[in-house]
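Structural features, examined
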Amino acid sequence: MVNKLEKSAAAFEKAKKIMPGGVNSPVRSYQNVDCTPPFISHAKGSKISDIDGNEYIDFVGSWGPAILGHAHPQVVEALQKAVERGTSFGAPTELETELAELVQKFYPTMQVMRMVNSGIEATMSALRLARGFTGRDKIVKFEGCYHGHSDSLLVGAGSGAATFGEPTSPGVTLGTSQDTIVLQYNDIKSVEKIFAEYGSEIAAVIVEPVAGNMGLVPSKKNFLPKLREVTEKSNALLIFDEVMCGFRVAKGGVQEKYNVKPDITCLGKVIGGGLPCAAYGGREDIMRNVSPDGKIYQAGTLSGNPLAMTAGVETLKILLKDESYIDKLTKKTSKLIEGLKIKAELANVDVQIQQAGSMFSIFFNTKKVSNYIDAKSSDQNKFKRWFIAMLERGIYLPPSQYETIFVSLAHTDEDFAKTLDAAESAFFV
Ligand code: KE4
């Protein structure tokens, strides 16, 4: 069992005095699981270590970026060299073109792209672009899909039969939320119905083609092709938010796996190799409307900064060279899941373990989870007890039922054996 988190607890109290919840992103506060978050001192490969001297097997991977594992030597070496040449110029560099060309090798539908600093910037800009390009105001999103905290996207399903969304956060105006229609994931009939009624007013549908923010919920076979068909028919745009599932499900993204070409793709996390970097891109005729080519404004001081570009270039070079990395990761993940299912069965605990490539989630539920309503019917208390038991046993998992577990190329069979040992007793808690 790990040492008590005494130093982390003290650090947490200090942090709370000066930052909301003591954190710079809410999920890290461990409010969902009601315990002290380990304060991290360093990470290497598949391990992450806290300031109380505990080392954990890390299945958060910074929420997706650490696909190579932490502090990959090739990335670290490149960054060490880059930092000596300066950290930010606010001017064009060849590194940005190099990263964009590498991204395009994975995502050929991104004919033209813009680098930004985080996933929210990518999705927020993609929505502004879609609205500017189509001259329409409304957007469609799906309940349980998270695309970052921009006002248009902090909108939940309207109560009852209401078509238009309602703000999910104070500060988001009713006016803004009225332009966002929120439907149930995997429910293509509701999409067809909405387009029949509002098709001419809808600028775009934005979707996580594999949902990872309600727990891992893969899209049903015909969902994405149908979204493509419906949006095409109404001249609305289809935006794939692959910020989290990008590079993890198929080499060419979920769009390659399902053979569905979105008009715009948003990427993040992996493309910066763990540094602040994201991108949005797609059809050239659309992207050429982005300033300064076109009139749709978007900008950013640190966009394309040399350190993030360097980390992204090294990361994608390694992935590109390893023809079978997706296969390797998917097989490793499937093997771990098989073991977890056996451990849950031994403890007579009902779980649904849902996977897409190197991403998976464990729902304490008796039935498959296909949308946010299903996800919410899972047993949160069981999840919380299991999460804490696993953390105490040195396994570092996402602290919420509505998050996704990530397997990296750095995870070893020994890591998995230890994880299964921990799970065996944790499922009994
Ligand atoms: P960022 O602005 O956090 O870089 O990306 C927003 C975003 C956009 N799209 C998808 C599909 C995402 O999953 C995210 C952010 N992912 C969460 C984890 N579920 C980030 C963790 C956090 O909020 O701290």
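If you're wondering where the values come from, they're calculated on a predicted model, not measured in any experiment.

Attention now moves to the packing of aromatic side chains. By the definition in use, this model includes 15 aromatic pairs. On the basis of an interplanar angle of 75° and a centroid distance of 5.1 Å, the ring pair of phenylalanine 106 and phenylalanine 247 is categorised as edge-to-face. Of this pair, phenylalanine 106 sits in helix H3 (residues 94–106) while phenylalanine 247 is found in the loop between strand E12 (237–241) and helix H8 (253–257), placing the two residues 141 residues apart along the sequence. Since its relative accessible area comes to 1%, phenylalanine 247 is described here as buried. With a centroid separation of 5.3 Å and an interplanar angle of 75°, the aromatic rings of phenylalanine 142 and phenylalanine 223 are classed as edge-to-face. Pair noted here: phenylalanine 142 is in strand E5 (residues 138–142) and phenylalanine 223 is in helix H7 (residues 223–233), with a separation of 81 residues, a long-range link. Neither phenylalanine 142 nor phenylalanine 223 differs from the other in exposure class; each is buried. Put simply, the rings of Tyr30, Phe364, Phe383, Trp386, Phe387 and Phe427 touch in pairs and so form one group of aromatic residues.

At a closest axis distance of 10 Å, the pairing of helix H6 (residues 188–198) and H7 adopts a crossing angle of 5°. On the basis of the axis angle, H6 is roughly parallel to H7. Residues Ile188, Val191, Glu192 and Phe195 of H6 pack against Phe223, Lys226, Leu227, Val230 and Thr231 of H7. Residue composition of the contact of H6 with H7, by class: six nonpolar, one polar and two charged.

Further remarks concern the nonpolar core. Among the nonpolar cores identified, the biggest contains 69 residues, and Phe59, Met115, Phe247, Leu316, Leu319, Phe360 and Phe427 are the most heavily contacted of them. By residue number, the principal contributor to this core is helix H10 (residues 306–321), which donates eight residues. When neighbours within four sequence positions are excluded, phenylalanine 247 is seen to be in contact with Ile67, Phe106, Tyr107, Leu267, Val270, Ile271, Leu316, Leu319, Tyr325 and Ile326. Among the nonpolar cores identified, the runner-up in size contains 39 residues, and Ile181, Val207, Val210 and Tyr372 belong to it.

Quick notes on the rules
- Residues numbered from 1 in each chain as written.
- Predicted model: local features only at pLDDT ≥ 70, side-chain atom pairs only at ≥ 80, totals over all residues.
- Heavy atoms only, no water.
- Phe/Tyr/Trp six-rings, centres within 6.5 Å; stacked < 30°, edge-to-face > 60°.
- Helix = DSSP H or I, 4+ residues; strand = E, 2+ residues; numbered from the N terminus.
- Buried < 20%, exposed > 50% of the residue type's maximum accessible area, 1.4 Å probe, protein only.
- Axes fitted to C-alpha atoms, helices over the stretch in contact; angles between N-to-C directions.
- Parallel < 35°, antiparallel > 145°, perpendicular 65-115°, else oblique.
- Contact = heavy atoms within 4.5 Å.
- Nonpolar A, V, L, I, M, F, W, Y, C, P; charged D, E, K, R; others polar.
- Core = buried A, V, L, I, M, F, W, Y, C linked by side-chain atoms within 4.5 Å.

The values are spatial; any link to function lies outside them.
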